[in-house]
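Each chain, written out:
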Amino acid sequence: MAKYTTLDQIDLPAVARSYGLDQPRLEPLTGGAANSSFKLTSTSGTYVLTILDNHDLPSARRLAAHTQAVFRLGVPTTEVVPAADGALTAQLDGRPVILKKWVEGVVRQPLPTQLLPEAGRVLARLHTLSPQSPGLDDIPVGTRRLSDHHRSLIPQFTDTGFADWLNGRLDRIRSAEAKSDRPRRVVHGDLFDDNIIVGEDGSLTVLDWETISLDDPLLDLGMAAVGLAQEDGILVPERLEALVTGYRRIVSLTDADAAALPMEIEHAALIIAFHRYYRHNVRFPDPARSTYHTEMIKFVDSVESAATRLE
């Protein structure tokens, strides 16, 4: 398994020097699939210190710049705190770190249905940003999609039934998408409930810009449906309707978009299914999670009936 930084490995005086902090104190935060995050309290305020264990310095700088860019463009997210030298990242024992302002609130899983319209609005707001906006002009294309390399791995899966199911559905979606001319927009790629902080007033703050890219906004909305509109592994019509209703308050969906959304929800579920299988059965074998991907099979089966509510 990937290894992450623990509290006892952090040189707190070095952090204090890097950011000009007085009397800093650290405590670990739960969650975070790819990095190590800690709550940092000092006389000047409260922050989140993230050790980017799985980044090199250039990719850490891009992540910090993209996070700061969407914050400055009005998307509710965390503000990056520059280091004493003005850079958006620092280094701790050779590992890149980012310091962000603390946002009061909690992660609620699942996100309550009454907050789903707001999640839809936030996602739509992101999709209206210009890709030429300052700080966003270098974001990659299609980060969340399965690459040709990913697709080449599927025939090697030992679960051949799953491999055949996955490849068949991906082929059908690729064929349908080839006929689409929807413009690429700035997308989040991972709007799941564990990447959302809920404030006391019901406001939402979106975290984790690891997968920001230019892509089809319907795929991003589909990924949000996988992350926010399901319960017990099933796409729930009322939850999907609430999410899309909020989205439509900012961005209109044509009849063609509404008709294509179920396919993009399925596409998002297939991407998640691939990564779950690959991670828990190939890259980091974990018998306790070896069938985790099968939840997405059940989810895909529920998509068609739930999505009819959008028509």
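Residues numbered from 1 in each chain as written. Predicted model: local features only at pLDDT ≥ 70, side-chain atom pairs only at ≥ 80, totals over all residues. Heavy atoms only, no water.

1. Re the overall build of the protein chain
Within the protein chain one finds nine helices and 12 strands. The C-alpha atoms of the protein chain give a radius of gyration of 20 Å, which matches the 19 Å a tight globule of 311 residues would have. Dimensions of the protein chain along its principal axes, counting C-alpha atoms only, are 55 × 45 × 35 Å. Residues classed as buried in the protein chain amount to 50% of the 311 residues present. At a minimum sequence separation of 6, the contacts of the protein chain that also span at least 24 residues come to 70%. (Helix = DSSP H or I, 4+ residues; strand = E, 2+ residues; numbered from the N terminus. Rg over C-alpha atoms; globule rule 2.2 N^0.38 Å. Buried < 20%, exposed > 50% of the residue type's maximum accessible area, 1.4 Å probe, protein only. Contact = heavy atoms within 4.5 Å.)

2. A few points about the packing of helix H6 (residues 217–228) against helix H7 (residues 237–248)
What describes two packed helices is the angle between their axes and the distance between those same axes. Running from amino to carboxyl end, H6 crosses H7 at an angle of 140°, the nearest separation of the two axes being 10 Å. Comparing their axes, H7 and H6 come out oblique. Crossing of H6 against H7: the hand is right-handed. Residues Pro 217, Leu 221, Ala 224, Ala 225 and Leu 228 of H6 form the contact with H7, whose participating residues are Arg 239, Leu 240, Leu 243, Val 244 and Tyr 247. The class makeup of the residues in the contact of H6 with H7 is nine nonpolar, no polar and one charged. (Axes fitted to C-alpha atoms, helices over the stretch in contact; angles between N-to-C directions. Parallel < 35°, antiparallel > 145°, perpendicular 65-115°, else oblique. Left-handed = near helix turned anticlockwise from the far one by under 90°. Nonpolar A, V, L, I, M, F, W, Y, C, P; charged D, E, K, R; others polar.)

3. A look at unusual backbone geometry
The linkage connecting Gln 109 with the following residue, Pro 110, adopts the cis geometry, with an omega of 0°. In the Ramachandran plot, Asp 208 falls in the positive-phi region, its phi being about 65° despite a non-glycine side chain. Looking at the element boundaries, Asp 208 is found in the loop between strand E9 (204–206) and strand E10 (213–215). One non-glycine residue with positive phi stands out, namely Asp 232, at about 55°. By relative accessible area, which is 72% here, Asp 232 ends up exposed.

4. Points about the packing of H6 against helix H8 (residues 255–283)
Packing of H6 against H8 leaves a shortest axis separation of 7 Å and a crossing angle of 60°. Relative to H8, the element H6 lies oblique. In the crossing of H6 with H8, the sense of the turn from one axis to the other is right-handed. Note on element contacts: H8 touches H6 through Asp 257, Ala 260, Leu 261, Glu 264, Ile 265, His 267, Ala 268, Ala 269, Ile 271 and Ile 272, opposite Leu 218, Leu 219, Leu 221, Gly 222, Met 223, Ala 225 and Val 226. Class assignment of the residues belonging to the contact of H6 with H8 gives a composition of 13 nonpolar, two polar and two charged.

5. Some details on the environment of Tyr 47
Tracing the chain through its elements places Tyr 47 in strand E3 (residues 45–51). By relative accessible area, Tyr 47 is classed as buried at 9%. Counting along the chain gives 34 residues from Tyr 47 to Val 81, while the straight-line C-alpha distance between them is 8.6 Å. Apart from residues no more than four positions distant in its own chain, Tyr 47 is found in contact with Leu 21, Phe 38, Lys 39, Leu 40, Ser 42, Val 81, Leu 99, Lys 100, Lys 101 and Trp 102. At 3.2 Å, the side chain of Tyr 47 forms a polar contact with the side chain of Ser 44. (Polar contact = N/O pair within 3.5 Å; in protein donor to acceptor, adjacent residues only side chain to side chain.)

6. What about the pattern of salt bridges?
A complete count under the given rule lists 14 salt bridges for this structure. Where Arg 95 meets Asp 93, a salt bridge forms, and the shortest distance between an N and an O atom there is 3.6 Å. The salt bridge partner of Arg 151 is Asp 171, with a shortest N-O separation of 2.8 Å. Pair noted here: Arg 151 is in helix H4 (residues 148–153) and Asp 171 is in helix H5 (residues 160–177), with a separation of 20 residues, a long-range link. (Salt bridge = Lys/Arg side-chain N within 4 Å of Asp/Glu carboxyl O.)

7. Looking at the environment of Val 187
Along the chain, Val 187 turns up in strand E7 (residues 185–187). Its relative accessible area of 3% is what places Val 187 among the buried residues. Along the chain, Val 187 and Asp 216 lie 29 residues apart, while their C-alpha atoms are 7.8 Å from each other.

8. Let's talk about the nonpolar core
Core analysis: the largest hydrophobic core is formed by 74 residues, its most contacted members being Leu 111, Phe 157, Leu 166, Leu 221, Val 226, Leu 235 and Ile 265. In terms of residue count, the dominant contributor to this core is H8 (12 residues). When residues no more than four places from it in sequence are discounted, the contact partners of Leu 221 are Leu 123, His 127, Leu 243, Val 244, Tyr 247, Leu 253 and Leu 261. (Core = buried A, V, L, I, M, F, W, Y, C linked by side-chain atoms within 4.5 Å.)

9. Examining the packing of aromatic side chains
This structure, assessed with the given rule, holds six aromatic pairs. Ring centres of Phe 274 and Tyr 278 lie 5.7 Å apart, and the angle between their planes is 15°; this geometry places the pair in the stacked category. On the criterion of helical spacing, the pair formed by Phe 274 and Tyr 278 is a turn pair, its members being four residues apart in helix H8. Under the relative-accessibility criterion, Phe 274 is labelled buried at 0%. Of the residues examined, Tyr 278 reaches a relative accessible area of 24% and is grouped as partly exposed. An aromatic cluster is defined as three or more aromatic residues linked by ring pairs; in this entry it consists of Phe 157, Phe 162, Trp 165, Phe 274, Tyr 277 and Tyr 278. The cationic tip of Arg 276 hangs over the ring face of Tyr 292; the distance from NZ or CZ to the ring centre is 3.9 Å. (Phe/Tyr/Trp six-rings, centres within 6.5 Å; stacked < 30°, edge-to-face > 60°. Lys NZ or Arg CZ within 6 Å of the ring centre and 35° of its normal.)

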